[in-house]
Amino acid sequence: MRLFIVLLNLVFVCAFVSPASSASKTEADIESAPTGDYDFDLDAELQGLSADNADSEQGLKHLTFNAEAALSENIVLLRKSSRLFKQRYYDNSDQEFATEFDANLKLMAEYKKEVLTSYARLDFEGTKKANEWSSDGTVDEAYVLLQPDYTWSIGAGKKVLRWGRGYFANPVAFFSRPKDVNDPEAMEEGYVLLYGDYIKSYTEGPLQTVTLTPVILPVTEKFNQDFLTSRSLNYGAKLYLLLYDTDIDLMFIADKEGKPAYGADFAYNLTSNLEIHGEIARTFDSKAYFNDDNTFKNYEQYAFSYLLGLRYLNTHDTTFILEYYHNGHGYEHEDMEDYYEFIDSAYEDYQNSGTDLKLKKSTFLGKEYFNQSLVMQDYAYVKITQKEPFDILYFNPSFIVLANLDDYSTNIGLEFLYTPVANLDLKVKFSVNQGDKKTEFGEKAGSGSLYVEAKYYF
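Residues numbered from 1 in each chain as written. Predicted model: local features only at pLDDT ≥ 70, side-chain atom pairs only at ≥ 80, totals over all residues. Heavy atoms only, no water.

*Asks:* Could you clarify how one ought to interpret the overall build of the chain in this entry?
*Replies:* Looking only at helices and strands, the chain features six helices and 18 strands. Each of the 458 residues in the chain was classed as buried or not, and the buried ones make up 39%. Contacts in the chain between residues far apart in sequence, at least 24 positions, make up 54% of those at least 6 positions apart. Accessible surface, the chain as shown: approximately 26400 Å² in total, 55% of it carbon and sulfur. (Helix = DSSP H or I, 4+ residues; strand = E, 2+ residues; numbered from the N terminus. Buried < 20%, exposed > 50% of the residue type's maximum accessible area, 1.4 Å probe, protein only. Contact = heavy atoms within 4.5 Å. Areas by Shrake-Rupley, 256 points an atom, 1.4 Å probe, with all protein chains shown as cover.)

Right under this line is the structure:
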């Protein structure tokens, strides 16, 4: 993080201290200047001062600064009968609720000077969990973009590349972190990379626009350590086509280990208020499987993952988002049952002997494999948002469902977003996990939660 802050300071210092164009003089200015040592033209000096002030005011318009401050509280009602409760709270089985308080500050700054753009987004967070405070600071984005004209640009630094058309999941987002399914619109942390864009437009024919975006992402001891398990140089590209009024992307990623991934997506407006979108990716990944003796093994394979969805806005200002997602690397129901049985065995050993080694092993397996979001194969996502119902201005409620189609468990939520004054968002969200034993949402440690947030923009 210190290295990013140093680089960020250098970027902005160089941008601010570079000489302004109004300070330089042309040869004509020098030839027309008075030759006397003490000659002084008051009118000329006043005009020059006004010009300098105008240039200064114009320069300030290139600097933009934004900030976002948020306070939130998340209260989870724990379900003591679930496997994940026993795994996490085995040494505190009387706990009824889990609470988390967050204070978050995001700072965003952008400076544009001629063909150069510098951007940074910093994230500072303080968290209180289990009566203990922790704090963290992250440079989510910090990059420099050079754009001599509208046809091409090149950028370097830490940046979020938003590839994919899906709302809650993006199997083709090869250079991005997975979305938070509980808040798909949340701003993510980027990766350090080198990227570019080349744009070509056409005035005739079905092909209107072509954009090529090459990307290079290194993995070293200092950069992008969580991108891959081994250090390597990753490279890839995205080719965007606006063809027959359809947005199409073709992309790939590869590294020196020789395990490339490929993907494609599209979006098309069937009508002015109905859009259909989708994406598909062939990727390489590993999974853990349990043997009959409760040992486990890793298995690596290529698989296809895909998403298909639509967005519809009706005449009552109701927005519908419906998406189906297939995770080719996801587990089947039987695989998850083996995992839950392993937790049962580990918890029984803890009760009989007092040793928690097996439970800690199950926690490690859960963190690496089984407790991830969208861990199984088939999901449906529905979000219905009504704009200002009953003429309540700046009030937008939403109904959200995430359904596991493999074991028929669901997460159901109600979200209320209200903006009583400018730049202030108030959010309240209720969610419930429902499902039978040995199902994904039925075995969550929490049966339901209440999330409250106040966010101010300035």
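Back to the write-up after that little detour.
*Asks:* Got a minute to help me understand the side chain of Thr213 in this structure?
*Replies:* Counting through the fold element by element, Thr213 comes out in strand S7 (residues 207-218). Assessed through its relative accessible area of 6%, Thr213 is described here as buried. Within the local environment of Thr213, its side chain forms a polar contact with the side chain of Asp197, the two groups lying 2.4 Å apart. For Thr213, the contacting residues outside a window of four places in its chain are Gly196, Asp197, Gly236, Ala237 and Lys238. (Polar contact = N/O pair within 3.5 Å; in protein donor to acceptor, adjacent residues only side chain to side chain.)

*Asks:* Teacher, can you tell me more about the environment of Arg83 here?
*Replies:* Position of Arg83 among the secondary structure elements: in helix H4 (residues 83-88). Sequence-wise, Arg83 and Tyr340 are 257 residues apart; in three dimensions their C-alpha atoms are separated by 6.4 Å.

*Asks:* Please clarify how the packing of aromatic side chains should be interpreted in this entry.
*Replies:* Pairs of aromatic rings are described using the distance from one ring centre to the other and the angle between the two planes. Per the counting criterion, the structure on display carries 29 aromatic pairs. Taking the centre distance of 5.4 Å and the plane angle of 80° together, the rings of Trp163 and Phe175 count as edge-to-face. In this pair, Trp163 is assigned in the loop between strand S5 (152-159) and strand S6 (191-201) and Phe175 in the loop between S5 and S6, connecting sequence segments 12 residues apart. The buried category is assigned to Trp163, whose relative accessible area is 4%. With 4.7 Å between their ring centres and 10° between their planes, Phe168 and Tyr381 make a pair best called stacked. Linking Phe168 in the loop between S5 and S6 with Tyr381 in strand S14 (residues 378-386), this pair joins segments that are 213 residues apart in sequence. Phe168 sits in the buried class, given a relative accessible area of 1%. Here the basic side chain of Arg282 rests over the ring of Tyr302, its NZ or CZ set 4.1 Å away from the ring centre. (Phe/Tyr/Trp six-rings, centres within 6.5 Å; stacked < 30°, edge-to-face > 60°. Lys NZ or Arg CZ within 6 Å of the ring centre and 35° of its normal.)

*Asks:* When you look at the pattern of salt bridges in this model, what are you seeing that I'm missing?
*Replies:* Pairing of side chains with opposite charge becomes possible as their charged atoms draw close. Enumeration over the complete set of coordinates arrives at 17 salt bridges. The residue Arg165 makes a salt bridge to Asp249 at a minimum N-O spacing of 2.8 Å. One end of the pair, Arg165, is in the loop between S5 and S6; the other, Asp249, is in strand S9 (residues 246-255), and 84 residues separate them in sequence. Here Asp226 makes a salt bridge to Arg177, at a shortest N to O gap of 2.9 Å. (Salt bridge = Lys/Arg side-chain N within 4 Å of Asp/Glu carboxyl O.)

*Asks:* I tried to follow the pairing of strand S17 (residues 424-434) on my own but got confused; where do I start?
*Replies:* Consecutive residues of a regular strand have side chains that alternate between opposite faces of the sheet. Where burial is concerned, the two faces of S17 differ: the one with Asp425, Lys427, Lys429, Ser431 and Asn433 is buried and the one with Leu424, Leu426, Val428, Phe430, Val432 and Gln434 is not. Bridging between strand S16 (residues 410-418) and S17 involves nine bridges; their strand directions are antiparallel. Considered in S17, the bridge of Glu415 is made with Lys429. Linking S16 to S17, which pair antiparallel, is a turn of five residues; within it Asn423 sits at a positive phi near 75°. Note: S17 against strand S18 (residues 446-457), nine bridges, orientation antiparallel. Bridging from a neighbouring strand, Val428 pairs with Val452 of S18. (Pairing = 2+ DSSP bridges.)

*Asks:* Could you clarify how one ought to interpret a nonpolar patch on the surface in this entry?
*Replies:* A cluster of nonpolar side chains, Val115, Leu116, Leu146, Trp152, Ile154, Leu194, Tyr198, Leu212, Ile216, Leu233 and Tyr235, forms an exposed patch at the surface whose accessible area comes to about 910 Å². Elements that contribute at least two residues to the nonpolar patch include exactly S5, S6, S7 and strand S8 (233-243). Looking at where Leu116 falls in the secondary structure, it is placed in strand S3 (residues 116-129). Look at Leu116 and you get partly exposed, because its relative accessible area is 31%. (Patch = residues over 30% accessible without salt bridge, like charges linked within 9 Å, V, L, I, M, F, W, Y side chains within 5 Å.)

*Asks:* It is not clear to me how unusual backbone geometry should be interpreted in this structure. Could you clarify?
*Replies:* With a phi angle near 65°, Asn131 is a residue other than glycine that sits in the positive phi range. With respect to the element layout, Asn131 can be found in the loop between S3 and strand S4 (132-149). Judged by its relative accessible area of 70%, Asn131 is exposed. Despite not being glycine, Leu374 has its phi angle at roughly 55°, a positive value. Counting through the fold element by element, Leu374 comes out in the loop between helix H6 (357-370) and S14. Since its relative accessible area comes to 11%, Leu374 is described here as buried.

*Asks:* In this structure, what is going on with a negative patch on the surface? I would like to understand it.
*Replies:* Taken together, Asp292, Asp293, Glu332, Glu334 and Asp338 make up a surface patch of like negative charges. Within the secondary structure, Glu334 sits in helix H5 (residues 333-353). (Lys, Arg positive; Asp, Glu negative; His and termini not counted. Charge placed at Lys NZ, Arg CZ, Asp CG, Glu CD.)

*Asks:* Where do I start with H5 in this structure?
*Replies:* For an α-helix, 3.6 residues make a turn, and residues three or four places apart therefore share a direction. In this model, H5 (21 residues) spans 30 Å end to end at C-alpha, consistent with the 30 Å of a helix rising 1.5 Å per residue. Taken together, the buried residues of H5 touch H4, strand S11 (274-290) and H6. Directly after H5, the chain includes Gly354, whose backbone phi takes a positive value near 80°. (Expected span 1.5 Å × (residues − 1).)

*Asks:* Looking at this structure, I do not really get the packing of H5 against H6. What am I missing?
*Replies:* When two helices pack together, their arrangement is given by the angle between their axes and by how far apart the axes lie. Where H5 contacts H6, the two axes come as close as 8 Å, and the packing angle between them is 155°. Judged by the angle between their axes, H5 and H6 are roughly antiparallel. In terms of crossing hand, the pair formed by H5 and H6 is left-handed. Across the interface between the two elements, Asp335, Met336, Tyr339, Phe342, Ile343, Ser345, Ala346, Tyr347, Asp349 and Tyr350 from H5 touch Lys358, Leu359, Lys361, Ser362, Leu365, Gly366 and Phe370 from H6. The residue inventory of the contact of H5 with H6, partitioned by class, reads 10 nonpolar, three polar and four charged. (Axes fitted to C-alpha atoms, helices over the stretch in contact; angles between N-to-C directions. Parallel < 35°, antiparallel > 145°, perpendicular 65-115°, else oblique. Left-handed = near helix turned anticlockwise from the far one by under 90°. Nonpolar A, V, L, I, M, F, W, Y, C, P; charged D, E, K, R; others polar.)

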